[in-house]
Amino acid sequence: MGNAHLHAIHVHPVKAVRGLAPREAAVEPWGLAGDRRWLLVDDAGKAVTQRQQPRLALAAAALLPDGGVRVSAPGREPLTVPVPRSIGTVPVQIFRDKVDAVPAEGEAAHTWWSDYLGIDARLVYLDDPATRRPVDPQYARPGETVSFADGFPLLLTTTASLDALNTLIAHGDHADEGPLPMDRFRPNVVVAGTDAWAEDHWSRVAVGEVAFRVAKPCGRCVVTTTDQGTSERGREPLHSLGRHRRREGKLVFGQNLVPLTRGTIRVGDPVTILD
């Protein structure tokens, strides 16, 4: 494990949309700075992700210095959306959680996303991640919160486990779909220099100067079958995960992390297994 290091960082400013791969990122209690602070919701206030709209894979979001975003998508002129003034919140639903969020100001973002997706879609912003959305109480410690990520502040994957999974795919019923790239899993931190599936046994890790606890394995959904370059769906990796990586009824790949300290992580940082 002496060679374990941070291979890549990924920040997704708008949930479900293509993000960024910076060389460094600040770690806040609720996740990487700027990660998944924006969310698309439908006319009922429910989260819209690639689960319902695989074409979101083709849209992209760049993070502006003030936390705003510049969004782009095929056939659309790019649009800059500033952080909205906190003049009032609206209730939104993300999975089982009801969260107060601030709508993007004006109608430009509403029109832009609605035209692109062909549904009534609004963009909302998580103005106060320190208080708005607690981590799942079954796995949380008091006071832990999360952005609009699926359930936990960060997701960790390893290159060795992806290689192992791709070997399983190559010997399975849908070998023509592999090998899969890491972007299928939309992680925040990717670690290299470990054994395959080593992360299954970690309880606490340090990436450079920042410590994290490993909360639970990440159960995977249909988004992982979505080609992030074309938005087309296949059978893998869920077929192979179902045969080889089923844990407590979930198909798992990667580990959910909760920060224990603040700081900045950088590509190349050593990764230390604390326990």
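Before any of the text, the structure's been laid out above.
All of these numbers come straight from a predicted model, not from anything done at the bench.

What counts and how
- Residues numbered from 1 in each chain as written.
- Predicted model: local features only at pLDDT ≥ 70, side-chain atom pairs only at ≥ 80, totals over all residues.
- Heavy atoms only, no water.
- Helix = DSSP H or I, 4+ residues; strand = E, 2+ residues; numbered from the N terminus.
- Buried < 20%, exposed > 50% of the residue type's maximum accessible area, 1.4 Å probe, protein only.
- Phe/Tyr/Trp six-rings, centres within 6.5 Å; stacked < 30°, edge-to-face > 60°.
- Lys NZ or Arg CZ within 6 Å of the ring centre and 35° of its normal.
- Salt bridge = Lys/Arg side-chain N within 4 Å of Asp/Glu carboxyl O.

J.: What is the right way to read unusual backbone geometry from this model?
T.: Residues apart from glycine generally show negative phi values, whereas peptide bonds are mostly found in trans. In this chain, Gly178 is followed by Pro179 through a cis amide linkage whose omega measures -5°. Following Glu236, the chain continues to Pro237 via a peptide bond in cis, the omega torsion being 10°. The backbone of Arg36 shows a phi angle near 55°, a positive value even though the residue is not glycine. Structurally, Arg36 is set in the loop between strand E3 (31–32) and strand E4 (38–41). In this structure, Ser231 takes a positive phi of about 75° despite not being glycine. Along the chain, Ser231 turns up in the loop between strand E14 (210–219) and helix H3 (238–244). Judged by relative accessible area, Ser231 falls into the buried class, the value being 15%.

J.: Where do I start with the packing of aromatic side chains in this structure?
T.: Each aromatic ring pair is described using two quantities: the centre-to-centre distance and the angle formed by the ring planes. Under the criterion given, the structure shown has seven aromatic pairs. Centre to centre, the rings of Trp112 and Trp113 are 4.7 Å apart; their planes meet at 75°, and the pair counts as edge-to-face. You can call Trp112 buried: its relative accessible area is 5%. Three or more aromatic residues joined by ring pairs make a cluster, and in this case those are Trp112, Trp113 and Tyr116. Over the ring of Trp197 we find Arg245, and its NZ or CZ is 3.9 Å from the ring centre.

J.: Looking at this structure, how should I read the pattern of salt bridges?
T.: Once the charged atoms of two side chains with opposite charge are near each other, the side chains can pair. Within this structure, the stated rule accounts for 13 salt bridges. The salt bridge partner of Asp150 is Arg51, with a shortest N-O separation of 2.9 Å. Of the two residues, Asp150 sits in the loop between strand E10 (122–125) and strand E11 (154–158) while Arg51 sits in the loop between E4 and strand E5 (60–63), which places them 99 residues apart along the sequence. Owing to a relative accessible area of 26%, Arg51 belongs among the partly exposed residues under this scheme. Note that Asp136 is salt-bridged to Arg96, the shortest N-O span being 4.0 Å. Of this pair, Asp136 sits in the loop between E10 and E11 while Arg96 sits in the loop between strand E8 (90–94) and strand E9 (97–103), placing them 40 residues apart in sequence. Take Arg96: its relative accessible area is 73%, and that puts it in the exposed class. A single network of salt bridges, built from pairs that share partners, joins Lys15, Arg51 and Asp150.

That's the geometry; what it means functionally is another story.
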